[in-house]
Amino acid sequence: MPSENAIKNPHELLERLNELHPSDIAYSLKKIEKESEDDFYYVLKEIPDEILGEVILELPDNLREDVYALLPSQRLSDVVYELDSDDATDIIQEIEEVDEEKAKEVFEGLEEEDKHEINWLKRYHEDEAGSYMQTELFSANINETISDSIKRLKEGKESDELENIHQVYIVNNEKKLIASILLEDLIIFDFEKTYEQLINEHEENRFKPFVVHDKDHIDEVAKQVEKYDLNVVPVVGYQGILVGRITSDDILDVIEENATEQMYQLAGVNDDFEHEDNLLNTAKKRALWLFLNLGTAILASLVIGMFDKTIEAFVALAILMPIVASMGGNAGTQTLAVTVRQLALGEIDFDNSKDAIKKEVFISLANGFIFAVIIGIIAWFWFNTALLGLVIALSMIINLFSAGFFGASIPLILKKMDIDPAIGSTVLLTTVTDIVGFFSFLMLAKLILL
């Protein structure tokens, strides 16, 4: 929903609930909350339980915490009951982080089956595939007829127990996943046949399912889903037993979270702290990275201090120095961003790093020669000194070479050391490009101009 279409009138929003998506309702609620907390709480209390859970999950973290504190435990239990198992587990765990006692009350208000599913999903670590799966799916025993399974699917849809069903998962008597058949394919087969007959009539791999294991890292699952353009993947546990499925909306959330985390880390910002209401905590966290940047700036200043006599002799050097450092920094940032992203996507690793480094060095050198000629000519005519143009041109080539080499190498080395390359790369690269840029420029000036 575009910002200009946000519904800021609480009464109008309530009247139009049936025609709006939960994300649009949440978007309008955010706008209403900014203008009036009372109106926000009023609308929140009037939203039906059937959609309130999905609306809550679309709200920002700080507003979700307010919602959990505002709504009574029984109302939250009713809301959780309406959600799929994965979303219900997310809300219970979020409430636990805010108020453990209230989370227990909400959990106790659920039916036994829901409690069992939530406890089952809570045992997975947050980076495991099992923590993202939902237990609701459509499966059929291999000895069951297609007709009987379709009847069960119809009953499940009519009772709202099943949503977003794309295929039927075929299991044996031990619940082990055997096959996966798209519903659009299923409708063309003879409904009176059993799934075993159907599978035996076709080639061996016709209905072979693409599966992930419940202990797989969710980032690896996301890569596979993205690679093969999957809408949903079945999740198997011990001995291949079918335990759930992961849908594309959860995978999109994972991809978005990873991309956001990388952007924040490259900028020296912690995602967890950026959503806090406590501005002091956020400022402190950012200050740690600024302190490191201060250290690198001092190192660069020490390099400049080594050539104070040279700068005194040629004041033009002080004017041109920022150009060399800035160009190196920008070229390094480009290389760094590309390398970190390729590492995250698994496109490069330490084993094939030579080709990646060669590519980035070549690109940086090519740009280095181009901009060396441009800035060399500008400096020559600006200060009427041809040798000064030569100095800054050579320095530009050297610094852009170092930007390309270290911009590609630093993330790879950090990855090899099991350190997230997005975290420390920026500070290290800035240090390198500043020091190399200033040192090369001033040393060449000292050797050529003096």
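Residues numbered from 1 in each chain as written. Predicted model: local features only at pLDDT ≥ 70, side-chain atom pairs only at ≥ 80, totals over all residues. Heavy atoms only, no water.

Under an unreviewed UniProt entry, the protein has the name Magnesium transporter MgtE and belongs to Halarcobacter ebronensis. In its Sequence similarities (unreviewed entry) section, the UniProt record describing the protein reads: "Belongs to the SLC41A transporter family." (UniProt positions renumbered as here; feature names shortened; annotations may be inferred.)

Strand order in the open sheet made by the three strands is β1-β2-β3, with mixed pairing throughout. Edge positions in the open sheet fall to β1 (139-141) and β3 (177-182), since each of these has one partner strand only. Strand-to-strand twist of the sheet, defined as the mean angle between neighbouring strand axes without regard to direction, takes the value 30 degrees. (Pairing = 2+ DSSP bridges. Helix = DSSP H or I, 4+ residues; strand = E, 2+ residues; numbered from the N terminus. Axes fitted to C-alpha atoms, helices over the stretch in contact; angles between N-to-C directions.)

For the structure shown, the criterion picks out twelve salt bridges. Linking Glu108 and Lys115 is a salt bridge whose minimum nitrogen-to-oxygen distance equals 3.3 Å. Of the residues examined, Lys115 reaches a relative accessible area of 11% and is grouped as buried. One salt-bridge network, in which partners are shared between bridges, spans Glu12, Arg16 and Glu19. (Salt bridge = Lys/Arg side-chain N within 4 Å of Asp/Glu carboxyl O. Buried < 20%, exposed > 50% of the residue type's maximum accessible area, 1.4 Å probe, protein only.)

On to the nonpolar core, then. Leu29, Phe40, Ile47 and Val80 are the most contacted members of the largest nonpolar core, which totals 34 residues. Of all elements in the fold, only α1 (10-15), α2 (22-35), α3 (37-46), α4 (49-58), α5 (61-70), α6 (73-81), α7 (85-98) and α8 (100-108) reach the threshold of two or more residues within this core. Discounting chain neighbours no more than four positions away, the residues touching Val80 are Ala88, Ile91, Ile92, Val106, Leu110 and Ile118. By size, the runner-up hydrophobic cluster in this structure holds 28 residues, among which are Ala316, Ala325, Phe438 and Ala445. (Core = buried A, V, L, I, M, F, W, Y, C linked by side-chain atoms within 4.5 Å. Contact = heavy atoms within 4.5 Å.)

Before going further, it helps to spend a moment on the sheet that holds strand β4 (residues 212-213). The three strands lie next to each other as β4-β5-β6, forming an open sheet whose pairing is mixed. Among the strands making up the open sheet, the edge pair consists of β4 and β6 (242-247). Here strand β5 (residues 232-236) pairs with β6 via five bridges, running antiparallel. What sits directly across from Val235, in β6, is Gly244.

On to the pairing of β3, then. Relative to β3, strand β2 (residues 167-171) runs antiparallel, the two being bridged by five bridges. Paired with Ile170 across the bridge in β3 is Ala179. Once β2 ends, the chain turns through five residues before running back antiparallel as β3, passing Lys175 with a positive phi of about 70 degrees.

Another point: the UniProt feature "domain: CBS" (unreviewed entry) in the protein. What UniProt calls "domain: CBS" (unreviewed entry) maps, in this numbering, to residues 133-196 and 204-261. This span, residues 133-196, is 30% helix and 22% strand, and a straight line between its end C-alpha atoms measures 27 Å. What you have in residues 204-261 is 43% helix and 22% strand, and the ends, taken at the C-alpha atoms, are 42 Å apart.

Overall, the coordinates contain nine aromatic pairs when judged by the stated rule. Ring centres of Phe401 and Phe405 lie 6.2 Å apart, and the angle between their planes is 15 degrees; on these two criteria the pair is classed as stacked. Of this pair, Phe401 and Phe405 both sit in helix α20 (residues 386-416), four residues apart, roughly one helical turn. Seen in terms of ring centroids, Phe405 and Phe406 are 5.1 Å apart; in terms of plane orientation they differ by 85 degrees. Their pairing is edge-to-face. Cluster of aromatic residues (ring-pair linked, three or more members): Phe401, Phe405 and Phe406. Above the ring of Trp120, the side-chain terminus of Arg123 is found at 3.8 Å from the ring centroid. (Phe/Tyr/Trp six-rings, centres within 6.5 Å; stacked < 30°, edge-to-face > 60°. Lys NZ or Arg CZ within 6 Å of the ring centre and 35° of its normal.)

If you check helix α10 (residues 146-158), its first and last C-alpha atoms are 18 Å apart, about what 13 residues at 1.5 Å a residue would give, namely 18 Å. Those residues of α10 not exposed but buried are Ile146, Ser147, Ser149, Leu153 and Gly156. Asp160 lies just past α10 and shows a positive phi near 60 degrees. (Expected span 1.5 Å × (residues − 1).)

Running from N to C, α7 and α8 cross one another at 150 degrees; their axes reach a closest spacing of 6 Å. Here α7 is positioned roughly antiparallel relative to α8, judged by the angle of their axes. Across the interface between the two elements, Ile92, Ile95, Glu96 and Val98 from α7 touch Glu100, Lys102, Ala103, Val106 and Phe107 from α8. Tallied by class, the residues present in the contact of α7 with α8 amount to six nonpolar, no polar and three charged. (Parallel < 35°, antiparallel > 145°, perpendicular 65-115°, else oblique. Nonpolar A, V, L, I, M, F, W, Y, C, P; charged D, E, K, R; others polar.)

With that settled, the discussion passes to the confidence of the model for the protein. With 94% of its residues at a pLDDT of at least 70, the protein reaches an overall mean of 87. Mean pLDDT across the elements of the protein bottoms out in helix α15 (residues 271-274) (52) and peaks in β4 (94). (pLDDT = per-residue confidence, 0-100.)

For Ser147, the location among the structural elements is in helix α10. Looking at Ser147, the relative accessible area reads 16%, which means it is buried. The contact partners of Ser147, leaving out residues within four places of it in the chain, are Phe191 and Glu192.

What follows deals with the domain arrangement of the protein. Per the domain assignment, the segments making up the protein are domain 1 (10-122), domain 2 (139-256) and domain 3 (279-449). On a C-alpha basis, the centroid separation for the pair domain 1 and domain 3 is 49 Å. (Domains from an automatic or database assignment.)

With the exception of glycine, most residues fall at negative phi, and the peptide bonds are largely trans. A positive phi angle is found at Asp229, which is not glycine, with a value near 55 degrees. Assignment of secondary structure puts Asp229 in the loop between α13 (218-228) and β5. The class of Asp229 is exposed, set by a relative accessible area of 67%. The backbone of Asn384 shows a phi angle near 55 degrees, a positive value even though the residue is not glycine. Using a relative accessible area of 67% as the deciding quantity, one classes Asn384 as exposed.

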